[in-house]
Amino acid sequence: MGKSEELFERAKQVIPGGVNSPVRAFRAVGGKPRFIASAGGAQMTDADGNVYLDFVGSWGPMILGHDHPAVREAAVKAAERGLSFGASCEAEVEMAELICRSVPSVELVRMVNSGTEAVMSALRAARGYTGRDKIVKFEGCYHGHCDSMLVKAGSGVMTGGVPDSAGVPRGCAADTLTAIYNDLESVRRLFAEFPGQIAAVIVEPVAANMGVVVPEEGFLSGLRSICTEEKALLIFDEVITGFRLGFAGAQGYYGVMPDLCTFGKIIGAGMPVGAYGGRREVMEVVAPLGKVYQAGTLSGNPVAMAAGLAGLHILKDDPGIYERLNALGDSFRAELARLTEGLGAPCQVTGVGSLSCLFFTKEHVRDYASAKTSDTEAFGRYFRHMLGRGIYVAPSQFEALFLSAAHRQEDVDRTLSAVEEYFKG
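Residues numbered from 1 in each chain as written. Predicted model: local features only at pLDDT ≥ 70, side-chain atom pairs only at ≥ 80, totals over all residues. Heavy atoms only, no water.

Caption draft 1: Molecular detail of the nonpolar core. Judged by nonpolar contacts, the single largest core of 114 residues is most densely connected at F138, L223 and F243. Counting residues per element, this core draws most heavily on helix α10 (residues 302-317), which supplies nine residues. Look past the residues within four positions of L223 in its chain and what remains in contact with it is F138, L184, V187, V201, V203 and L234. (Core = buried A, V, L, I, M, F, W, Y, C linked by side-chain atoms within 4.5 Å. Buried < 20%, exposed > 50% of the residue type's maximum accessible area, 1.4 Å probe, protein only. Helix = DSSP H or I, 4+ residues; strand = E, 2+ residues; numbered from the N terminus. Contact = heavy atoms within 4.5 Å.)

So this is what it looks like as structure tokens:
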């Protein structure tokens, strides 16, 4: 028995399913999860000493690669001054200033500790500002595990939320309405059915939790127009896309301004961090300025702020990083599509910038229903093949492949060779 397998057996005795986040259990792909001992650049090493070329990047934060020296140094120096104060510190002011200067829609921002917390708080602020209760989300878009967002993603438009998790009372999800991604008419129907009741529409501007589904031309700007007409708020969940597609996030990339947005992942450079922000008049409803209460003992943690700031400054000071990273993503997807098409593989290649996905379906993927036509058993076989070749991709068909600035062309070439080997059998 290897060390990873031994650790998994131990973990199952004291942690539900042996993991602290369900997808890590490998149940969607088969096999036993790897326990990681260290990581650097574009590689990770597991507890048994196996080295993997990593395309998960801690699910997005590691845009600079693992263990970047400047980020590590900043975190260590901050830790030497104290791990937590329970009081304000200079680094959180610097972080807020940087976000407000860099993201078009953000005039005020509040730091929290996770993407889930950021979404939960943004929804509360939207309801407090508008005086309305209902929220529109999209099938297949994931916004963390707060109760109101854990709504079953079924086919068609759902006008009443059905909890998708045990332990979520129906009342918590009753005001969550579900529309279809890339389908503006499904949104308009909800506003017509619930006039004057919808506080906000929340969307992943690039849907990266049902694989990667890119917004079609006019979709995001159409949402902006609908929300403006209906006096509802538009919320971009940029926990994944924030500071990834470019320094101004998806809103800068696509040129569409939300009223509120959420961040996580990259702004912490791997530390547990989240944030929500937006227009000044909306954010001023948040305590202590307004009546919407939200608080956090570790919010603005000095070590997390230091790590995140170090990473963001590298991205800001070298805008060529995005040009190189996005170009690598474009060429990777083009070669992957050429390869799979040439071999007659029943696959679709999607993505934008450094986000990519290989869907095991013949269907054009534009929403949750088409993404769900994927052959997940075939993906599981593909995953195990890639892992056996020392290439670590997400252990789920419905997750993104993340490129980082640490990946090189030779890493992409090696990955394409392994893909070709899989499809040739």
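Caption draft 2: Up close: the sheet that holds strand β14 (residues 401-402). Spatial ordering of the open sheet is given by β11-β12-β14, a layout of three strands whose pairing is antiparallel. Single-partner strands in this sheet number two, and they are β11 (348-352) and β14. On top of the sheet, helix α11 (residues 320-342) reaches β11, β12 (355-359) and β14; it is set at about 175° to β11, its chief contact. (Pairing = 2+ DSSP bridges. Axes fitted to C-alpha atoms, helices over the stretch in contact; angles between N-to-C directions.)

Caption draft 3: Fine view of the pattern of salt bridges. Applying the stated criterion to the full structure yields 17 salt bridges. Between E5 and K32 there is a salt bridge, and its shortest N-O distance comes to 3.3 Å. Pair noted here: E5 is in helix α1 (residues 3-14) and K32 is in the loop between α1 and β1 (36-40), with a separation of 27 residues, a long-range link. Assessed through its relative accessible area of 30%, E5 is described here as partly exposed. Across the pair D67 and R72 runs a salt bridge whose closest N-O atoms are separated by 2.9 Å. The exposure class assigned to R72 is partly exposed, which follows from its relative accessible area of 40%. What you see here is one network of salt bridges that share partners, running through R224, D259, R279 and E281. (Salt bridge = Lys/Arg side-chain N within 4 Å of Asp/Glu carboxyl O.)

Caption draft 4: The arrangement of the sheet that holds strand β6 (residues 176-179) in detail. Spatial strand order, β4-β10-β9-β8-β7-β5-β6: seven strands in an open sheet with mixed pairing. Among the strands making up the open sheet, the edge pair consists of β4 (108-112) and β6. Between one strand axis and the next, the sheet turns through 20° on average, direction left out of account. On the sheet, helix α7 (residues 219-230) packs against β5 (134-138), β7 (198-203) and β8 (233-237) and is oriented at approximately 145° with respect to β8.

Caption draft 5: Representation of unusual backbone geometry within the structure. Residue P288 is reached from A287 by a cis peptide bond, and omega for that bond is 15°. Take P288: it is sitting in the loop between α9 (280-283) and α10. Positive phi outside glycine occurs at F26, with the angle close to 70°. Topologically, F26 is positioned in the loop between α1 and β1. Judged by its relative accessible area of 2%, F26 falls in the buried class. Positive phi is not limited to glycine here, since K265 has a value of about 50°. Relative to the elements of secondary structure, K265 occurs in the loop between β9 (260-264) and β10 (274-278). In this structure K265 comes out as partly exposed when scored by relative accessible area, which is 24%.

Caption draft 6: Fine view of the pairing of β11. Pairing between β11 and β12: five bridges, direction antiparallel. Each residue of the ladder has a partner; that of G351, found in β12, is S356.

Caption draft 7: Representation of the packing of aromatic side chains in the model. The full count for this structure, using the stated rule, is 16 aromatic pairs. Residues F138 and F219 carry aromatic rings whose centres are separated by 5.6 Å and whose planes lie at 75° to one another, so their mutual orientation is edge-to-face. Taken together, the residues F138 in strand β5 and F219 in helix α7 connect sequence positions 81 residues apart. In terms of burial, F138 and F219 fall into one category: buried. (Phe/Tyr/Trp six-rings, centres within 6.5 Å; stacked < 30°, edge-to-face > 60°.)

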